[in-house]
Amino acid sequence: MVSYNAEKRIITLSNGNISYVIYINPNGVLEQLYFGKYWEGQEADLAALPVRDGGEILDMQTGEMTHRHETRTLCYEISSHGLWDKRGAPIVIPKENGSTVTDFRYLSHKAYKGIHPLATLPSAKGGEEDCDTVEFLLKETSRELYLTYCLTLYRDSNILVRHFALENKTSAPVFLDRAMSMQLDLPSSHYDIVHFPGRWAQERDYEENPVLDGVQEISSNYGRSGHEENPFVYLKEHKATNDRGEVIGFNLIYSSNFKFRTFVNRDRQLHITYGINDEDFCWKLEAGETFETPQAVIAYSAEGIDGMSQAFHHFIREHLITYRHDKEYKPVLFNSWEGCYFNFNTESVISYIDDAIKIGTELFVLDDGWFGARNNDRLGLGDWYVNRQKVDLHKIMAHCKEKGIKFGIWFEPEMVNPVSDLYAAHPDYVPGEPDAAELSLHRHQLHLDFSVKEVVDNIYAQMKAFLQEYPVSYIKWDYNRVVNEHFSRHYPADRQGEIYHRMMLGYYDLIGRLTREYPDIMFEGCSSGGGRFDLGTLYFCPQIWTSDESDPSQRIAIQYNTSLGYPLSTIGAHVNDSKVSSYKTKAILALFGTYGYEMNPNILTASEQEELREIAEIYCKYHQSVIGNGTLYHLLSPNEGNLMCMQSVSKDQTASLVILMNYRKEHAQFRVIRLRGLDPEKQYKNSYTGTVHSGTFYMERGIDFSSDGFASINCRLVILTEEA
Ligand code: DGJ
C-alpha cells in the first residue's frame, strides 16, 4: 500500500511487514525517513523527527547569508553531485560548460498498483494484486532534464524494486557519466558486508567483513557479471544468523558491469549506490530520448539470512523468470561435455544416450563440438550449422524420440573463432580498434560486437535456421570469455562509453527474440560454468550451469553460497566422473539443484547405475514440490566450518529433504541438528531412523546423527514425509 500525507509531505510504502518512508522536504529533496520493520503509528513517530540545520549559503542575488535548507535526516533518495554532498551521487551529467553539478529536485509523484516493465531491459513482473509502486518525477535544477524514480514494494515478500529513467528535454545531447539504479542511505553502518568473489571452478566464494569507513566497492568491469564477483551482495547486522537479526540483500537485473559501492561518512552513516559500473561508461542521450537504468532489487529481513534468501527465491520464481514451464517438473539432464568433450560421432552419442537412460536421463544434451569445424576449441565458433560429416543430428534426435526422452543442444552465440567462416567473411564483426596491433584472445576466441544489430541479426538468422530444422527442447547458452576491447568501429568517438551496455542490450535482444519465438524451449545460461549467474540471465533462462567444478570438495560451498541469493531450481547441478567423491555423495549434492549428469555413462558398473537411478528416482518424486517450489533453510554453513546442512520443505509442509555433508569426516561425537519450517502438529517419518515424530520434535529436539558413526561417511540425505 502507498499512502500520502499531503500536509506532512510524507509518502509511506508498506506491505504490513516492512515500510519505506519518504519525506519531500521544503527544498524538494527526497529524504528517506525510514526503511525497516513496519510498526503501528510509524508515520506520526517519523513526522516528529527533529529538523536539522542543513548548513549555510551565500545568496548571490541578495548577498545574504542564510540557511541552505532544513533537513530531517541525511538519508536521501538521490544525492546531488558537485555541491556539498560528497558521498557519491547515483547520477552525474556534466553541463556543456564543463561543470558536473547535477541536482534533482521533486516535482510530483503518483502511486499505482503493479509495476511497469522496462522498455529496454529485462525487468520484474507484478500485477495489481502483487505490488505497489510510487513514481516520482524530479527535475535537474538548471536544465530540462527529468528523472523518473520508481520504487515498488511487493506484498507477498519483503522485496523492493527500484530504478531511474532519465529524459532529456533540452534541445541538445547530454552525456550521462554515471547512471546508477539506486541509492540507499542507512542511519548507521553497524553491518557486515557479505559478497561472493571467485574464479573459474570456484564461483561464489564467501567473504564477510565489517562495512569499512570510507569507500568499499564490489564490482565487475569484465563485460559480464562475472566469476570475480557476483551482483548479489548483502548486509547483515553484526550478530545476525541464519534465523535472527536484520539482513538486507541487493541484486541487479543486469548481466554486465556493475558497481555496488558503500561509503561510510564521518558520522558512521552508510551510503550505498548500486547500478551500472561508471568506469568506462558514458551514455550520449540525444534530445528527446530516455535512458533507463536496470532495476535494483532489495530484500529486507528482520529474521536473519534465510528471511532474505527466501524473499529473493520467491521474487525470482514468481516475479522474474519468464520461462512458462518454470514451475513444472524439470527433466533429469545428461550433458555430453565432460564425458567426451569434442570427440564423438553419431554412434558414440547414441551409445551415450542408451546408457544415460539407464540412470534416469530424461533430457540428453549434446554440448560443444557439433557445428562448423568445431573439433577443438580453436575452430568453428560463429558457424552454427551442423557438421554433417561428424554427426547426424536427425538420427540422434529420432533415437531420443524413440526412447521417449528429450534432446537439447549447446550454443555460444556471442563468440567467434578467428578460424571460422563467419570471421573470414566479417572481420569487422568483432569489437576493437580497426588499426589495433593485436586483439586479445580467450580460449582462442573473440567476442562478437553485439552492440551492432547486423551482427546480432546474423547469429539470430543462423540459430533460427537451425531451430527450424532441429526442433530441440533445450538450449545451453554458453559464454566463455570476457570483453576486453570495449571499442566498436561502428560507433563514433562520443559513443564509445556505451559499448559495454550496448553489447549487453544485444545479448538481451537475441535471447529475448528466441525465447519469445520458442517459449517451450528451456534455455540454460552458462559462462565457463557460473560466470554469468545473475538476474538478467534468469529472466530468460530458468536455470544456469553453476560451475564447471562438480566435485563436492568445492561444490558444497559453490551451491550453498549460490543458494543464499538464488533459488535451488535455478542451480544446474550434475554428477560427474571425478574420482574424489563417490557417485552417491555427488548425486545427493546435485539433488539440491536441478539434477543431471556429465560423465561417460558407458563405464558405469551395474551397481553404480543402480545407485544413481535410485537418486534420480528421489529427484523425480521430490524435486518439484520440495526443492523446486519448496522453502529453503540454511542450517550449517560451510563458510564457518566443515559441516554443511540445508533443508528444503514443500509449501504444504508434507515433505522435506535434508542434506548434511561432513566433507572432511570430522569426528563429532554428538551431532544433533534442529530442523526448521515443518508443521509442528504434523507427524513425519524420517528415512534416516525410520521413526515417526512430530514437527515440533524435529524442530526442538532435532535429528541425532551421532549414533551411526557419521564420521565414517561424508554425506547424509534424510527424507521426511508426513505420516497420516
Ligand atoms: C564451458 C562450460 O562451462 C562447459 O560446461 C562446456 O559447455 C564448455 N564450455 C564447452 O565448451
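Cut-offs and rules
Sequence positions are assigned chain by chain, starting from 1 and proceeding in written order. Reporting of local features is limited, given that this is a predicted model, to residues whose pLDDT is at least 70; pairs of side-chain atoms are given and counted only at 80 or more, and all residues count toward the totals for whole chains, interfaces and linings. Water and hydrogen atoms were dropped before computing side-chain values, which therefore reflect all heavy atoms in the structure. Put simply, DSSP marks the helices as runs of H or I at least four residues long and the strands as runs of E at least two long, and each gets a number from the N terminus on. By definition in these notes, contact holds between two residues if any of their heavy atoms fall within 4.5 Å. Strands qualify as paired when DSSP identifies two bridges or more between them. Each axis is a line fitted through C-alpha atoms, taken for helices only over the stretch in contact, and angles between the N-to-C directions span 0 to 180 degrees. Here a Phe, Tyr or Trp ring, Trp counted by its six-membered ring, pairs with any other such ring whose centre lies within 6.5 Å, and the pair is stacked when the planes are under 30 degrees apart, edge-to-face when over 60, and tilted otherwise. Throughout, exposure labels follow a simple rule: accessible area from a 1.4 Å probe, protein chains only, divided by the maximum for the residue type, with under 20% read as buried, over 50% as exposed, and the rest as partly exposed. Over a ring means this: the NZ of a Lys or the CZ of an Arg is within 6 Å of the ring centre and within 35 degrees of the ring normal. When we say a residue is near a molecule or strand, we mean one of its heavy atoms is within 4 Å of it. Any pair of nitrogen or oxygen atoms within 3.5 Å is treated as a polar contact; in protein, a donor-acceptor pairing is required on top of that, and neighbouring residues in sequence qualify only through side-chain atoms on both sides. Throughout, the Shrake-Rupley method with a 1.4 Å probe supplies accessible areas, and for residues the shown protein chains are the sole cover considered. Residue polarity is assigned by list, with Asp, Glu, Lys and Arg as charged and Ala, Val, Leu, Ile, Met, Phe, Trp, Tyr, Cys and Pro as nonpolar; anything else, Gly included, falls into the polar class. Any angle between 65 and 115 degrees counts as roughly perpendicular, while under 35 counts as roughly parallel, over 145 as roughly antiparallel, and the rest as oblique. In this scheme, a crossing is called left-handed if the near helix is turned counterclockwise away from the far one by less than a right angle; it is called right-handed if the turn is clockwise. When a carboxyl oxygen of Asp or Glu lies within 4 Å of a side-chain nitrogen of Lys or Arg, that pair is called a salt bridge. The score called pLDDT rates the predictor's confidence residue by residue, from a low of 0 to a high of 100. To form a nonpolar core, buried Ala, Val, Leu, Ile, Met, Phe, Trp, Tyr and Cys residues must be joined to one another through side-chain atoms within 4.5 Å. Here, expected helix span is obtained from the residue count minus one, scaled by 1.5 Å. Every patch collects residues that have over 30% relative accessible area and no salt bridge, joining them within 9 Å if they carry like charges and within 5 Å if they are nonpolar side chains (Val, Leu, Ile, Met, Phe, Trp, Tyr).

Student: I keep staring at the side chain of N387 and nothing clicks. Help me out?
Tutor: If you trace the backbone, N387 turns up in the loop between β27 (363-366) and α5 (393-403). Aside from chain neighbours lying at most four places away, what touches N387 is W370, F371, G372 and N375.

Student: Teacher, can you tell me more about the environment of S527 here?
Tutor: Of note, S527 is situated in the loop between β32 (522-525) and α9 (535-540). Expressed as a C-alpha distance, the spacing of S527 and Y479, which sit 48 residues apart in the sequence, is 4.3 Å. Every residue in contact with S527, bar those within four places of it in the chain, is listed here: R224, H227, D478, Y479, N480 and R532.

Student: Help me understand the sheet that holds strand β28 (residues 406-411), please; the structure alone is not making it clear to me.
Tutor: Within a beta sheet, neighbouring strands are joined by backbone hydrogen bonds and run either parallel or antiparallel to one another. Reading around the barrel, the 8 strands line up as β26-β27-β28-β31-β32-β33-β34-β35 and close back on themselves, with parallel pairing between neighbours. Averaged over all neighbouring strand pairs, the angle between strand axes comes to 30 degrees, with direction disregarded. Where strand β26 (residues 333-335) lies against β27, 3 bridges are found, and the strand directions are parallel. Considered in β27, the bridge of F334 is made with F364. Relative to the sheet, helix α4 (residues 346-357) contacts β26 and β27, its axis offset from that of β27 by approximately 150 degrees.

Student: Could you clarify how one ought to interpret the sheet that holds strand β21 (residues 258-264) in this entry?
Tutor: Ordered by their spatial adjacency, 5 strands build an open sheet running β9-β15-β22-β21-β18, and the pairing between neighbours is antiparallel. Every other strand in the sheet has two partners, leaving β9 (91-92) and β18 (214-219) as the edge strands with one partner each. Looking at chain direction, β21 and strand β22 (residues 270-276) are connected through 7 bridges and run antiparallel. Looking at the pairing, F263 lines up with H271 of β22.

Student: Just to check I follow, could you spell out the packing of aromatic side chains for this structure?
Tutor: Aromatic rings considered in pairs are described by the distance between their centres and by the relative angle of their planes. This model, assessed by the stated rule, comprises 45 aromatic pairs. Taking 6.2 Å as the distance between ring centres and 85 degrees as the angle between the ring planes, the aromatic pair formed by Y76 and W84 counts as edge-to-face. Take Y76: its relative accessible area is 4%, and that puts it in the buried class. Centre to centre, the rings of F371 and W410 are 5.9 Å apart; their planes meet at 10 degrees, and the pair counts as stacked. In this pair, F371 sits in the loop between β27 and α5 while W410 sits in strand β28, placing the two residues 39 residues apart along the sequence. Among the aromatic residues, those joined into a ring-pair cluster are F196, Y206, F232, Y234, F312, F533 and Y566. The ring of Y460 carries R513 above its face, with NZ or CZ at 4.7 Å from the centroid.

Student: Teacher, can you tell me more about the pairing of β21 here?
Tutor: A regular strand places its side chains so that they alternate between the two faces of the sheet. Across the 7 residues that make up β21, a large majority, 7, are buried. On β21, burial covers both faces: F258, F260, T262 and V264 on one face and K259, R261 and F263 on the other are all buried. By the bridge criterion, 6 bridges tie β18 to β21 in an arrangement that is antiparallel. The partner of Q216 across the bridge, within β21, is T262. The turn joining β21 and β22, which pair antiparallel and follow one another in sequence, is formed by 5 residues; a positive phi near 60 degrees is taken by R268.

Student: Sorry, what's going on with the site of the ligand here?
Tutor: Around the ligand, a shell composed of 13 residues is seen, among which D367, D368, K476, D478 and D548 lie nearest. Contacts to the ligand include R443, whose side-chain N or O atom sits 2.8 Å from an oxygen atom. When the ligand sits alone it has 290 Å² of accessible area, and the protein chains cover 98% of it. Considered class by class, the residues forming the shell around the ligand number 4 nonpolar, 3 polar and 6 charged.

Student: How should the packing of helix α11 (residues 583-591) against helix α12 (residues 606-628) be read in this particular structure?
Tutor: Axes are the key here: two packed helices are described by the angle between their axes and the distance separating the axes. Direction vectors running N to C along α11 and α12 enclose 10 degrees, while the axes themselves pass 10 Å from each other. On the basis of the axis angle, α11 is roughly parallel to α12. Here the hand of the crossing between α11 and α12 comes out right-handed. The residues of α12 that touch α11, namely those facing Y583, K584, A587, I588 and L591, are E608, E611, L612, I615, I618, Y619 and I627.

Student: Sorry, what's going on with the pattern of salt bridges here?
Tutor: Opposite charge on two side chains permits them to pair, given that their charged atoms come into close proximity. Scanning the entire structure with this criterion turns up 41 salt bridges. D326 is paired through a salt bridge with R317; the nearest N and O atoms lie 3.1 Å apart. Considered together, D326 and R317 belong to a single accessibility category, that of buried residues. The closest approach of N and O atoms between E498 and R502, which form a salt bridge, is 2.8 Å.

Student: What exactly am I supposed to notice about unusual backbone geometry here?
Tutor: Peptide bonds are mostly trans, and most non-glycine residues show a negative phi. Even without glycine at this site, R268 takes up a positive phi of about 60 degrees. Residue position: R268 is located in the loop between β21 and β22.

Student: So what exactly am I meant to see when it comes to the confidence of the model for the chain here?
Tutor: Note that predicted coordinates carrying low pLDDT should not be read in detail. In the predicted model, the chain carries a mean pLDDT of 96, and 99% of its residues have values of at least 70. Per-element confidence in the chain ranges from a low mean pLDDT of 80 for strand β5 (residues 52-53) to a high of 99 for β28.

Student: Can you help me understand the nonpolar core in this one?
Tutor: Nonpolar side chains in soluble globular proteins tend to be buried together. One finds W370 and Y595 to be the most contacted residues of the largest nonpolar core, which totals 192 residues. Ranked by the residues each element gives to this core, the list is headed by helix α8 (residues 499-517), at 9 residues. Residues contacting Y595, with those up to four places away along its chain left out, are P331, V332, L333, A573, V575, A587, A590, L612, I615, A616 and Y619. V649, I673, Y688 and V718 belong to the second largest nonpolar core, which has 17 residues in total.

Student: For this particular structure, what's the right way to read helix α10 (residues 552-565)?
Tutor: In an α-helix, one full turn covers 3.6 residues, which means residues spaced three or four apart are oriented alike. Taking 1.5 Å of rise per residue, the 14 residues of α10 would be expected to cover 20 Å, and the 20 Å separating its terminal C-alpha atoms lies within 8% of that figure. Counting buried positions along α10 gives 11 out of 14 residues, so the element sits mostly inside the fold. For α10, the full list of buried residues reads P552, R555, I556, I558, Q559, Y560, N561, T562, S563, L564 and G565.

Student: Just to check I follow, could you spell out a nonpolar patch on the surface for this structure?
Tutor: A surface patch of nonpolar side chains, amounting to about 400 Å² of accessible area, comprises L58, M60 and M65. Here M65 is to be found in strand β7 (residues 65-67). For M65, a relative accessible area of 64% gives the class exposed.

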